[in-house]
Amino acid sequence: MKHKIGILGAGTWGMALARMLTVSGNDVTVWSALEQEIDNLSTTRVHPNLPGMTIPAEMKFTKSVEEVCTDKEILLFAVPSVFVRSTAAKARPFVPDGQIIVDVAKGIEKDTLFTMTEILADELGKEGGPKGVRLVDLPTTIVSASKDMEAARFVQTVFTNNVMRVYTNEDIKGVELSGAMKNVIALGVGISTGLGYGDNARAALITRGIAELARLGVAMGCNVHTFAGLAGIGDLIVTATSMHSRNNRAGILIGKGETPEQAVKEVGMVVEGMNALPAALELAAKYQVEMPIVQTVNAVVNKGMSAAEAVRSLMDRDPKNELSQSYEK
């Protein structure tokens, strides 16, 4: 069955989903705030950061926010987290009550500590809607998370095909928290790799990183099982080990001696883990949760601590009991 889908944002994740949805037989329209980007994509049918991917002729592009939002069964927000609020404000006049909104950005807003779907509800909230769904990606599997399970299951149906398996999850807060915080842990893993540490160090940081994330999530009222699932440990493993992960790559460059600014410039794309740090620290303080990896990554990124010193500071911490620390403050 063909569905009409509007996608706001023409980055790598947005365009990869747009192609998949188009190939699956859906009517897909893509909008970007960058008019030159729309001109280039519609003309060349190639994305500069996805050189091996051909854009189907059936996929449509527009420079009009009204056009991308009008008469769509699903609106998908695929802009970086720092632009979700401003993009939602542009779309607000054209988003009807009860509209299913899917978000694929990952982050926590610095000033409000809102998740992405909370930002969308704040900007687009009207009587009767919108119905927010959070989509978290993994190779061949994604999670459709929403408090409205009917909306989550509809998105599950639309996005499922022979190369993509979709699971639903009603713990949208836990899924969104995982998506934002795992980027910070991935930065830390990348820094360790850049310093020359091997698989054992990566495994330790991933394991202890998910423990930090779960402690915070449980304190915030999330379901602990979310952090052992696809959106939690699954997404963290991919982000912390893949060279396609901009957070991992940025961390590696920092570990090799580059400044955070140099690393971001070389990666050439938004490094969401750096954007998530202020909110991560504020949430840890608000809920009185110990998050040493997050705090140490912040010290490297924002306070000038050397990568080598950061590793020493983590290793020199007081001894702990693993089980008593897993999901407690």
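The preceding data block contains the structure.
Please read these numbers as outputs of a predicted model, since none were measured by experiment.

## Here's the deal with the overall build of the chain
Here comes step 1: Of the regular secondary structure elements, the chain holds 15 helices and ten strands.
Here comes step 2: The C-alpha atoms of the chain give 20 Å as radius of gyration, which agrees with the globular expectation for 329 residues (20 Å, within 12%).
Here comes step 3: Along the longest, intermediate and shortest principal axes, the C-alpha atoms of the chain span 60 × 40 × 35 Å.
Here comes step 4: Looking at the chain as a whole, 52% of its 329 residues are labelled buried.
Here comes step 5: Taking as baseline every contact in the chain between residues at least 6 positions apart, the subset at least 24 positions apart corresponds to 68%.
Here comes step 6: Mean positive and mean negative side-chain charge positions of the chain (33 and 37 charges, respectively) differ by 2 Å.

## Focus: the environment of Leu205
Here comes step 1: Along the chain, Leu205 falls in helix α8 (residues 199-219).
Here comes step 2: Classification of Leu205 by relative accessible area gives buried; the value is 14%.
Here comes step 3: Counting along the chain gives 19 residues from Leu205 to Ala186, while the straight-line C-alpha distance between them is 8.7 Å.
Here comes step 4: When near neighbours in sequence (up to four residues on either side) are disregarded, Leu205 contacts Ile185, Gly188, Val189, Ser192, Ile293 and Leu314.

## Points about the pairing of strand β9 (residues 141-145)
Here comes step 1: Of all the five residues making up β9, five are buried; the element is thus mostly covered by neighbouring parts of the structure.
Here comes step 2: Both faces of β9 are covered, namely the face carrying Thr141, Val143 and Ala145 and the face carrying Ile142 and Ser144.
Here comes step 3: Taken together, the five bridges between β9 and strand β10 (residues 165-169) define a ladder with parallel strand orientation. Directly across from Ile142, in β10, lies its bridge partner Val166.

## A word on the nonpolar core
Here comes step 1: If you look at the biggest cluster of nonpolar residues, it comprises 44 residues, and the most contacted ones within it are Ile108, Leu177, Met181, Leu216 and Leu283.
Here comes step 2: Every element with two or more residues in this core is listed here: α7 (172-194), α8, α9 (230-241), α10 (246-255), α11 (260-267), α12 (272-286), α13 (292-302) and α14 (307-315).
Here comes step 3: The element contributing the most residues to this core is α7, with nine residues.
Here comes step 4: Those residues within four positions of Leu283 in sequence are excluded, and the remaining contacts are Ile108, Leu113, Leu177, Met181, Leu216 and Met220.
Here comes step 5: Counting 30 residues, the second-largest nonpolar core is a separate cluster that includes Met15, Leu21, Val104 and Val155.

## Brief notes about the packing of α7 against α9
Each pair of packed helices can be summarised by the angle the axes make with each other and by the distance between the axes.
Here comes step 1: The N-to-C vectors of α7 and α9 enclose an angle of 30°; their axes lie 9 Å apart at closest approach. Taken together, the axis directions place α7 and α9 in an arrangement best described as roughly parallel. Of the two elements, α7 crosses α9, and the hand of that crossing is right-handed. Across from Val175, Ser178, Lys182, Asn183, Ile185, Ala186 and Val189 in α7, the residues of α9 making contact are Ala231, Gly232, Asp235, Leu236, Thr239 and Ala240.
Here comes step 2: Class assignment for the residues of the contact of α7 with α9 results in seven nonpolar, four polar and two charged.

## With respect to α11
Here comes step 1: All of the buried residues in α11 are Pro260, Ala263 and Val267. All buried residues of α11 lie within an arc of 60° about the axis, which places them on one face of the element. In α11, the exposed positions that point more than 90 degrees away from the buried face belong to Glu261 and Lys265.
Here comes step 2: The inward-facing, buried residues of α11 contact α10, α12 and α13.
Here comes step 3: Gly268 occupies a position one or two residues after α11 and carries a positive phi of about 80°.

## Brief notes about unusual backbone geometry
Here comes step 1: Here the phi dihedral of Asp71 falls at roughly 60°; this positive angle occurs in a residue that is not glycine.
Here comes step 2: Inspection of the secondary structure assignment puts Asp71 in the loop between α3 (65-69) and β6 (74-77).
Here comes step 3: Overall, the relative accessible area of 56% leaves Asp71 in the exposed class.
Here comes step 4: Here Gln288, not a glycine, exhibits a phi torsion of approximately 55°, which is positive.

## Here we look at the pairing of β6
Here comes step 1: Because side chains alternate across β6, one face comprises the buried residues Ile74 and Leu76, and the other comprises Leu75 and Phe77, equally buried.
Here comes step 2: When strand β1 (residues 4-8) meets β6, the two strands line up parallel, connected through four bridges. Looking at the pairing, Ile7 lines up with Leu76 of β6.
Here comes step 3: With four bridges joining them, β6 and strand β7 (residues 100-103) adopt parallel strand pairing.

Criteria and thresholds
- Residues numbered from 1 in each chain as written.
- Predicted model: local features only at pLDDT ≥ 70, side-chain atom pairs only at ≥ 80, totals over all residues.
- Heavy atoms only, no water.
- Helix = DSSP H or I, 4+ residues; strand = E, 2+ residues; numbered from the N terminus.
- Rg over C-alpha atoms; globule rule 2.2 N^0.38 Å.
- Buried < 20%, exposed > 50% of the residue type's maximum accessible area, 1.4 Å probe, protein only.
- Contact = heavy atoms within 4.5 Å.
- Lys, Arg positive; Asp, Glu negative; His and termini not counted.
- Charge placed at Lys NZ, Arg CZ, Asp CG, Glu CD.
- Pairing = 2+ DSSP bridges.
- Core = buried A, V, L, I, M, F, W, Y, C linked by side-chain atoms within 4.5 Å.
- Axes fitted to C-alpha atoms, helices over the stretch in contact; angles between N-to-C directions.
- Parallel < 35°, antiparallel > 145°, perpendicular 65-115°, else oblique.
- Left-handed = near helix turned anticlockwise from the far one by under 90°.
- Nonpolar A, V, L, I, M, F, W, Y, C, P; charged D, E, K, R; others polar.
- Arc of directions from axis to C-beta.

By themselves, these are just geometric observations and shouldn't be taken as functional.
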